[in-house]
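Structure assessment
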Amino acid sequence: MIRFSSPAPIGREHEYVAKAIDGRKLAGVGPFAVGCEQWLEKRLPAPRALLTGSCTSGLELCALLLDIQPGDEVVIPSFTFCTTASAFALRGATIVFADIDPSTLCMGEKQAAPLLGPRTKALVGVHYAGYGGDAPGLARLCEERGIAFVEDAAQAIGAAWQGRSLGTFGRLASISFHDTKNVTGGEAGALVINDPALVERAEILRDKGTDRARFFRGFVDKYTWQDLGSSYVPSELCAAYLLAQLEEVDRVNARRRAIALAYHDALAPLAAKTRATLPSRAYLEAANGHLFWLLLKDPEAQHRFIEHLKSRDIAAVHHYVPLHSAPAGQRFGKVRGSMAVTDGIWNRLVRLPLHMDLTDADVSRVIDASREFLEG
Ligand SMILES: *Cc1c(COP(=O)(O)O)cnc(C)c1O
């Protein structure tokens, strides 16, 4: 069976995890977490990056840092993972769901602008597939309206738009290192803080609401409960695996992008025949190779395509059920405009396998099996 994704080791993972075990410090924040944070701060660059247990934890920290209160509205695309919304709903916010652009599957300025109102406190952009073409427009819109721009950069490690790293456009950003992402710590994430005024409080909130970071730096002689917060620090075992992966991120992204382009080039000429649509080559080149999606002509074709690939021992999958149609989405959010694009794509979308365990022969097998189907 060709897996859909795989958290494959690609560098010094075994060595670093063994070193973490031998170092007799498994709790955070230890040397491997600090190594990951310094790597991110230099690479993005950003004034501060805090390693967390997940991107979800990072988004929850964003909601706390922005003092989201009941009655505040937060605009997010409906076509995203549920925690983009739940992180803010947890603080009592009303989620206002936005539609997406049909060619990028991202919410842009055009979709977001009409939804902003007097109660809007923040806007969360999602770099779907590690594509960031909408980031400058969303950042400008938020700046003009005086609301916070947060990037859900879960899928965007190593990605940039016109030379600027995704994760540096927002006041805050959150990255995922879940084992389905380009590089992983198993379960891990990072909060990126681009506004230096939020750094000190972020360190407290991440560490159970205590000033332990100040204590370790010798600024206070005991640490105490200072603020809200929770247990958002990852284990050193996860951080050790992650550091080895981060060191190889450019090689990983280049390989993943090459596979996505190989799928594109082989399948694009056939798509019209079965009325399937593919993202453009430029879109895949600008993104970080996080995923390759295509849209079948209708939900029935989506189902048949996935079943066809399964019969050839290939795992292909659909993606998000739109949050505005999910039970919790209806409870914690609302729709204020047309959701035609989201409603029209989610049950036609299929993602093909993309990971570092794929051999060239595997890629050919996926292409041949997809071709068989798309040729009708
Ligand atoms: C993966 C993902 C998340 C959640 O990441 P975790 O690290 O598992 O919490 C959130 N948003 C998006 C868009 C994602 O792709």
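All of these numbers come straight from a predicted model, not from anything done at the bench.

On to helix α4 (residues 82-89), then. With six of eight residues buried, α4 lies mostly within the body of the structure. Residues of α4 that are buried sit in contact with α3 (55-65), β2 (73-77), β3 (94-98), β4 (120-126), β5 (148-152) and α13 (327-332).

Over the atoms a probe the size of a water molecule is rolled, and this reveals where empty space is left. Enumeration over the complete set of coordinates arrives at three cavities of 30 Å³ or more. Estimates place the volume of the largest cavity at around 60 Å³. Taken together, Ser-6, Pro-7, Ala-8, Ile-10, Lys-181, Asn-182, Thr-184, Gln-245, Arg-256, His-355 and Met-356 make up the lining of the largest cavity. By residue class, the composition of the lining of the largest cavity is four nonpolar, five polar and two charged. Viewed by domain, the lining of the largest cavity spans two of them, domain 1 (13-246) and domain 2 (249-375), each represented by three or more residues.

Let's shift gears to the site of the ligand. Cys-55, Thr-56, Asp-152, Ser-176 and Lys-181 are the nearest of the 16 residues found near the ligand. The separation between an oxygen atom of the ligand and a polar side-chain atom of Gln-155 is 2.9 Å. One of the side-chain nitrogen or oxygen atoms of Lys-181 is found 3.2 Å away from an oxygen atom of the ligand. Contact with the protein chains removes 92% of the 390 Å² of surface that the ligand exposes when unbound. Taking a 2 Å distance to the grid points as the criterion, the majority of the atoms of the ligand fall inside the largest pocket. Secondary-structure elements contributing two or more residues to the shell around the ligand are α3 and α4. In terms of residue class, the shell around the ligand is made up of six nonpolar, eight polar and two charged.

Moving on, we get to the environment of Met-339. In this fold, Met-339 is placed in the loop between β11 (333-335) and α14 (340-345). You can call Met-339 buried: its relative accessible area is 5%. Leaving out residues up to four positions away in the same chain, Met-339 has contacts with Ser-78, Phe-97, Ala-98, Asp-99 and His-324.

The interhelical angle for the contact between α3 and helix α7 (residues 199-206), taken along N-to-C directions, is 125°, at an axis separation of 10 Å. Classed by the angle they form, the pair α3 and α7 counts as oblique. Our pair here, α3 against α7, has a crossing hand that is right-handed. Listed contacts from α7 to Leu-61, Leu-64 and Leu-65 of α3 are Arg-201, Ala-202, Leu-205 and Arg-206. Partitioning the contact of α3 with α7 into residue classes produces five nonpolar, no polar and two charged.

This brings us to the side chain of Asn-182. Its place among the elements puts Asn-182 in the loop between β8 (172-176) and β9 (189-193). A polar side-chain atom of Asn-182 sits 3.3 Å from a polar atom in the side chain of Arg-256. Polar contacts involving the side chain of Asn-182 include one to the main-chain carbonyl oxygen of Asn-288, which spans 2.9 Å. Ignoring any residue separated from it by four or fewer positions in sequence, one finds Asn-182 in contact with Ile-157, Gln-245, Val-252, Asn-253, Arg-256, Asn-288, Gly-289 and His-290.

Now for the domain arrangement of the protein chain. Accessible area lost upon the coming together of the parts serves often as the stated size of an interface. Under the domain assignment used here, the protein chain contains domain 1 (13-246) and domain 2 (249-375). Between domain 1 and domain 2, the C-alpha centre-to-centre distance is 26 Å. When domain 1 packs against domain 2, the two sides together hide about 3,100 Å² of surface, and 60% of this comes from carbon and sulfur. Counting across the interface, domain 1 meets domain 2 through three salt bridges. Residue Glu-73 is joined to Arg-336 by a salt bridge in which the shortest nitrogen-to-oxygen separation is 2.7 Å. The tally of links from domain 1 across to domain 2 stands at 24 residue pairs in polar contact (both at pLDDT 80 or more). Those elements that provide at least two residues to the side of domain 1 that touches domain 2 are α2 (31-43), β2, α4, β3, β6 (160-161) and α9 (236-246). Split by residue class, the side of domain 1 that touches domain 2 holds 26 nonpolar, 11 polar and five charged.

The rules behind the values
- Residues numbered from 1 in each chain as written.
- Predicted model: local features only at pLDDT ≥ 70, side-chain atom pairs only at ≥ 80, totals over all residues.
- Heavy atoms only, no water.
- Buried < 20%, exposed > 50% of the residue type's maximum accessible area, 1.4 Å probe, protein only.
- Helix = DSSP H or I, 4+ residues; strand = E, 2+ residues; numbered from the N terminus.
- Contact = heavy atoms within 4.5 Å.
- 1 Å grid on protein atoms, 1.4 Å probe; cavity = no way out; pocket = protein on both sides within 12 Å on 5 of 7 lines; lining within 4 Å.
- Points joined across faces, edges and corners; volume = space filled by probe spheres on them.
- Nonpolar A, V, L, I, M, F, W, Y, C, P; charged D, E, K, R; others polar.
- Domains from an automatic or database assignment.
- Near = heavy atom within 4 Å.
- Polar contact = N/O pair within 3.5 Å; in protein donor to acceptor, adjacent residues only side chain to side chain.
- Areas by Shrake-Rupley, 256 points an atom, 1.4 Å probe, with all protein chains shown as cover.
- Sits in = over half its atoms within 2 Å of the grid points.
- Axes fitted to C-alpha atoms, helices over the stretch in contact; angles between N-to-C directions.
- Parallel < 35°, antiparallel > 145°, perpendicular 65-115°, else oblique.
- Left-handed = near helix turned anticlockwise from the far one by under 90°.
- Buried area = accessible area lost by both parts, 1.4 Å probe.
- Salt bridge = Lys/Arg side-chain N within 4 Å of Asp/Glu carboxyl O.

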